[in-house]
Amino acid sequence: MNHTNTMNPLALDTTDLLLLGQLQSDSSLSNQALAERAHVSPPTCLRRIKRLKDVGLIEREIAVLSTDTLASSIGHGLTAVVEITLDRQDQGALEAFEKRVANEDAVQQCYRVSPGPDFCLVVHAADMPDYLALTQRLFTADANVRNVKSFFSVKRSKFGARVPLPAAL
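All of these numbers come straight from a predicted model, not from anything done at the bench.

Visitor: Quick question: what am I supposed to make of the overall build of the chain here?
Guide: Secondary structure summary: the chain contains six helices and four strands in total. In sequence order, the chain lays out its α and β elements as α-α-α-α-β-α-β-β-α-β. At 20 Å, the chain has a C-alpha radius of gyration far larger than the 15 Å of a compact globule built from 169 residues. In terms of its C-alpha atoms, the chain occupies a principal-axis envelope of roughly 55 × 45 × 25 Å. The buried share among the 169 residues of the chain stands at 30%. Surface summary for the chain: the accessible area is close to 11400 Å², and the carbon and sulfur share equals 54%. Averaging the positions of the 18 positive and the 19 negative side-chain charges in the chain gives two centres separated by 4 Å.

Structure, rendered in structure tokens:
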């Protein structure tokens with residue numbers, strides 16, 4: 001849920017940026033370690049992080065799994081970037097598609113894009129039959145999906161979710 005107000009943007013100072021940068025690198029740091037790295041007291045660190053969460057700047061904290069290591073154990077060895085073009089692009093049709101893919105665990109990321117296709121998805125599947133089942137559930141069964149174009153990853157060269165932040169204000 002986005003709590004930020006575009007009319008009154010959140011004022012961030014150097015300490016906030018330091019905390020956000022550290023959390024993006026390693027959210028498992030203890031409050032004590034985080035406070036030391038940001039040069040603030042532990043109570044100040046807790047208060048600031050709570051504020052950043054309360055306003056919606058920190059959406060959630062997650063563990064990033066190694067897909068290569070996981071694939072050797074339980075599958076998930078196939079990653080695809082999928083372009084989707086819809087027949088109708090009215091607000092209701094776009095939101096219906098977003099809701100459909102949001103409920104699918106195999107869809108890791110969904111972006112509404114322009115120009116070109118309407119959506120770009122990043123999906124993970126155990127193997128090609130699993131991917132085929134996913135495409136039939138999400139795309140073939142949806143009469144509004146006009147075109148699907150998939151690109152299969154042969155190697156992950158870089159992966160991240162880090163948002164670039166200014167070094168200091």
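Visitor: So what exactly am I meant to see when it comes to the side chain of Thr135 here?
Guide: Along the chain, the position of Thr135 falls in helix H6 (residues 128–140). Side-chain polar atoms of Thr135 contact the backbone oxygen of Leu132, separated by 2.7 Å.

Visitor: Looking at this model, I keep getting lost on the sheet that holds strand E2 (residues 107–112). Mind explaining?
Guide: Paired through backbone hydrogen bonds, the strands of a sheet run either parallel or antiparallel to each other. On the basis of which strands lie adjacent, the open sheet formed by four strands has the order E2-E3-E1-E4 and antiparallel pairing. Each end of this open sheet is capped by a strand with a single partner; those strands are E2 and strand E4 (145–152). Here the strands of the sheet are splayed against their neighbours by 20° on average, with no regard to which way each runs. Looking at chain direction, strand E1 (residues 78–86) and E4 are connected through seven bridges and run antiparallel. Along E4, the bridge assignment pairs Ile84 with Val148.

Visitor: Sorry, what's going on with the side chain of Thr15 here?
Guide: Position of Thr15 relative to the elements: it lies in helix H1 (residues 14–25). Judged by its relative accessible area of 16%, Thr15 falls in the buried class. Beyond its immediate sequence surroundings of up to four residues, Thr15 is in contact with Ala38, Val40 and Arg48.

Thresholds, definitions, all that
Residues numbered from 1 in each chain as written. Predicted model: local features only at pLDDT ≥ 70, side-chain atom pairs only at ≥ 80, totals over all residues. Heavy atoms only, no water. Helix = DSSP H or I, 4+ residues; strand = E, 2+ residues; numbered from the N terminus. Rg over C-alpha atoms; globule rule 2.2 N^0.38 Å. Buried < 20%, exposed > 50% of the residue type's maximum accessible area, 1.4 Å probe, protein only. Areas by Shrake-Rupley, 256 points an atom, 1.4 Å probe, with all protein chains shown as cover. Lys, Arg positive; Asp, Glu negative; His and termini not counted. Charge placed at Lys NZ, Arg CZ, Asp CG, Glu CD. Polar contact = N/O pair within 3.5 Å; in protein donor to acceptor, adjacent residues only side chain to side chain. Pairing = 2+ DSSP bridges. Axes fitted to C-alpha atoms, helices over the stretch in contact; angles between N-to-C directions. Contact = heavy atoms within 4.5 Å.

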